[in-house]
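Residue-level structural notes
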Amino acid sequence: MLAWQGEDRVYGWVFNPLATWWNRVVEKKTVPETNGDRLTLAGLKPGAYRLQWWDTRAGTVEKETGVTLSSPTQPLSLPAYLADLAFKLVAAEGTSPAK
């Protein structure tokens, strides 16, 4: 995973290490879908956030939901994905995370 994080936001990219160009194009391997992965976010202030999951190929938001972080270290369940996905977690508009 690669990510940029501030105290009230995270922009990230998660990738399946089996879904390389070499494996998929040259070796013609079928890459299994990744499902059930969890990511632990640390250092964010508790509060209300907006979470978007992005399709990196289409450049579109696949799913958007509200998330309430109750502690500075909180696990986040990732949706199923094949090669990669991006996410954006930002403080909900009109709210400010707890100080």
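Residues numbered from 1 in each chain as written. Predicted model: local features only at pLDDT ≥ 70, side-chain atom pairs only at ≥ 80, totals over all residues. Heavy atoms only, no water.

Points about the nonpolar core
Counting residues in hydrophobic clusters, the biggest one holds 17 residues, and the most contacted among them are L44, L51, W53, F87 and L89. Mapped by element, the contributors of at least two residues to this core are β2 (9-15), β3 (38-42), β4 (47-55), β5 (60-69) and β7 (84-91). When residues of this core are assigned to their parent elements, the largest contribution, four residues, is made by β7. Here L89 is in contact with D8, R9, V10, L41, L44, Y49, R50, L51 and L69, once residues within four sequence places are set aside. (Core = buried A, V, L, I, M, F, W, Y, C linked by side-chain atoms within 4.5 Å. Buried < 20%, exposed > 50% of the residue type's maximum accessible area, 1.4 Å probe, protein only. Helix = DSSP H or I, 4+ residues; strand = E, 2+ residues; numbered from the N terminus. Contact = heavy atoms within 4.5 Å.)

Observations regarding the side chain of Q74
Topologically, Q74 is positioned in strand β6 (residues 73-77). Reaching out from Q74, the side chain makes a polar contact with the backbone oxygen of T68 at a distance of 3.4 Å. Those residues in contact with Q74 that lie beyond four places of it in its chain are L39, T40, L41, T68 and L69. (Polar contact = N/O pair within 3.5 Å; in protein donor to acceptor, adjacent residues only side chain to side chain.)

Describing a nonpolar patch on the surface
On the surface, W21, W22, V25 and V26 cluster together to form a nonpolar patch covering roughly 440 Å² of accessible area. Residue position: V25 is located in helix α1 (residues 21-26). (Patch = residues over 30% accessible without salt bridge, like charges linked within 9 Å, V, L, I, M, F, W, Y side chains within 5 Å. Areas by Shrake-Rupley, 256 points an atom, 1.4 Å probe, with all protein chains shown as cover. Salt bridge = Lys/Arg side-chain N within 4 Å of Asp/Glu carboxyl O.)

Things to note about the pattern of salt bridges
The full count for this structure, using the stated rule, is four salt bridges. R50 serves as the salt-bridge partner of E64, at 2.9 Å between the closest nitrogen and oxygen. Here the residue E64 occupies a position in strand β5, and R50 occupies one in strand β4, the gap between them amounting to 14 residues.

Regarding the confidence of the model for the protein
Predicted confidence across the protein gives a mean pLDDT of 90, with 94% of residues reaching 70 or more. The secondary structure element of the protein with the lowest average pLDDT is β6, at 87, and the one with the highest is β7, at 96. (pLDDT = per-residue confidence, 0-100.)

Considering the side chain of D84
Checked against the element boundaries, D84 lands in strand β7. On the basis of relative accessible area, D84 is assigned to the buried category, the value being 17%. Polar contacts involving the side chain of D84 include one to the side chain of W13, which spans 2.8 Å. Polar side-chain contacts of D84 include one of 3.4 Å to the side chain of R57. Filtering out sequence-adjacent residues up to four positions away, D84 remains in contact with W13, V14, F15, T56 and R57.

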